[in-house]
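Below, each chain spelled out in residue letters.
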Amino acid sequence: MASISSSPRSVEEIFKDYNARRTALVRALTYDVDEFYTKCDPEKDNLCLYGHPNETWEVALPAEEVPPELPEPALGINFARDGMHRKDWLSLVAVHSDCWLLSVAFYFGARLNRNERKRLFSLINDIPTLFEVVTGRKPVKDKPSMDSGSKSRNSTKRSVDGQVRSNTKLQEENYGEDEDDEHGETLCGSCGGTYNPDEFWIGCDVCERWYHGKCVKITPAKAEMIKQYKCPLCSTKKGRQ
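Here we summarise the structure given alongside this text. A quick note: this is a predicted structure, and the numbers were derived from the prediction, not measured.

About the thresholds
Residues numbered from 1 in each chain as written. Predicted model: local features only at pLDDT ≥ 70, side-chain atom pairs only at ≥ 80, totals over all residues. Heavy atoms only, no water. Core = buried A, V, L, I, M, F, W, Y, C linked by side-chain atoms within 4.5 Å. Buried < 20%, exposed > 50% of the residue type's maximum accessible area, 1.4 Å probe, protein only. Helix = DSSP H or I, 4+ residues; strand = E, 2+ residues; numbered from the N terminus. Contact = heavy atoms within 4.5 Å. Pairing = 2+ DSSP bridges. Phe/Tyr/Trp six-rings, centres within 6.5 Å; stacked < 30°, edge-to-face > 60°. Lys NZ or Arg CZ within 6 Å of the ring centre and 35° of its normal. Expected span 1.5 Å × (residues − 1). Axes fitted to C-alpha atoms, helices over the stretch in contact; angles between N-to-C directions. Parallel < 35°, antiparallel > 145°, perpendicular 65-115°, else oblique. Left-handed = near helix turned anticlockwise from the far one by under 90°. Nonpolar A, V, L, I, M, F, W, Y, C, P; charged D, E, K, R; others polar. Salt bridge = Lys/Arg side-chain N within 4 Å of Asp/Glu carboxyl O.

### A short note on the nonpolar core
Soluble globular proteins tend to pack their nonpolar side chains together in the buried interior.
Next, step 1: In terms of nonpolar packing, the biggest core is built from 37 residues, with Phe36 and Leu49 touching the most fellow members.
Next, step 2: Elements represented by at least two residues in this core include exactly α1 (11–29), α2 (33–39), β1 (48–51), β2 (57–60), α3 (86–108), α4 (114–125) and α5 (130–135).
Next, step 3: With residues near it in sequence (within four places) discarded, Leu49 still touches Leu25, Ala28, Leu29, Phe36, Trp57, Glu58, Val59, Pro73, Ile77, Val93 and Ser97.
Next, step 4: One finds Cys188, Phe200, Trp201 and Cys234 within the second-largest nonpolar core, a separate group that totals 16 residues.

Structure (structure tokens):
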């Protein structure tokens, strides 16, 4: 394991580490949720959920060294699994994982000055928490239209009713909205990232979350052929019902 001297040191490096670990945990709690649920066997010893900088997740025993090299995630997440509703248990794990991500980020940020710490928190605060992703407490549908319409150039966007509309049309429909609204910035439901003006985005017609086309492997040409787009989360939920 890396020592603090060789750990991420700049705001950008720390945020990159945070985002990679977060991406791993999002995957564990959404796309890989069945596998994660199975690994958290209450019959096993105290288990923790780790997100690694290479965007992989792991359910494992806590570090044996005291004090640990890095702040440790919540211990014994597996014990409560069968005593709670699945959704409530996942929400609880998400809350504890959010706390762990912040603790690791600010452990690395111990040498940052006041302004750098503020900037680091601002970067972190601009993307949804794991709790928000798992519970849908902050759905993208609150203000999708204006910013969603400006997400890509020379591409199309899918509306809630399944119709494909151009960026220009979306912008015209929402002209005059407050661009400075802190919740007006649409975030990718997969990676949580903000948009690049040159990238294609697509909206789910079921949950109304928005995604980078590349995150869900949908191109503009393919989107034109889809009558109703269902994101991986909605498709998975339907399959389990």
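Having seen the structure, we can now continue with the description.
### Examining the pairing of β2
Next, step 1: As judged from the four bridges shared by β1 and β2, these two strands associate in the antiparallel manner. The residue of β2 that forms the bridge with Cys48 is Ala60.
Next, step 2: The turn linking β1 back onto β2 is made up of five residues, and Glu55 within it adopts a positive phi angle of 70 degrees.

### Observations concerning the packing of aromatic side chains
The geometry of an aromatic ring pair is captured by two quantities: the separation of the ring centres and the angle between the planes.
Next, step 1: The full count for this structure, using the stated rule, is six aromatic pairs.
Next, step 2: A connected cluster of aromatic rings, assembled from ring pairs, spans Phe36, Tyr37, Trp57 and Trp89.
Next, step 3: The residue whose ring lies beneath Arg81 is Tyr37, and the NZ or CZ to ring-centre distance is 4.5 Å.

### Overview of α1
Next, step 1: Here α1 is 19 residues long and its end C-alpha atoms lie 27 Å apart, about the 27 Å a rise of 1.5 Å per residue gives.
Next, step 2: Burial within α1 is extensive, with 14 of its 19 residues counted as buried.

### Things to note about the packing of α3 against α4
Next, step 1: Relative orientation of the contacting elements α3 and α4 amounts to 150 degrees, with a least axis distance of 11 Å. Judged by the inter-axis angle, α3 sits roughly antiparallel to α4. Taken as a pair, α3 and α4 cross one another with a handedness that is right-handed. Of the residues in α4, those touching α3 at Leu102, Ala105 and Phe106 are Arg117, Leu120, Phe121 and Ile124.
Next, step 2: Within the contact of α3 with α4, the residues separate by chemical class into six nonpolar, no polar and one charged.

### So, the pattern of salt bridges
Next, step 1: Per the counting criterion, the structure on display carries five salt bridges.
Next, step 2: A salt bridge links Arg21 to Asp17; the nearest nitrogen and oxygen atoms lie 2.7 Å apart. Linking Arg21 with Asp17, this pair stays in helix α1, spanning four residues, or about one helical turn. Neither residue differs from the other here; Arg21 and Asp17 are each classed as buried.
Next, step 3: Put simply, Asp82 and Arg81 hold a salt bridge, and the shortest N to O gap is 2.8 Å.
Next, step 4: By relative accessible area, which is 51% here, Asp82 ends up exposed.
Next, step 5: The exposure class of Arg81 is buried, given its relative accessible area of 12%.

### Quick look at unusual backbone geometry
Next, step 1: Its identity is not glycine, yet Glu55 carries a phi of approximately 70 degrees, on the positive side.
Next, step 2: For Glu55, the location among the structural elements is in the loop between β1 and β2.
Next, step 3: With relative accessibility at 37%, the residue Glu55 sits in the partly exposed group.
Next, step 4: In this structure, Lys217 is a non-glycine residue whose phi angle is positive, near 60 degrees.
Next, step 5: Along the chain, Lys217 turns up in the loop between α8 (213–216) and α9 (220–224).

What is shown is where atoms sit, not what they do.
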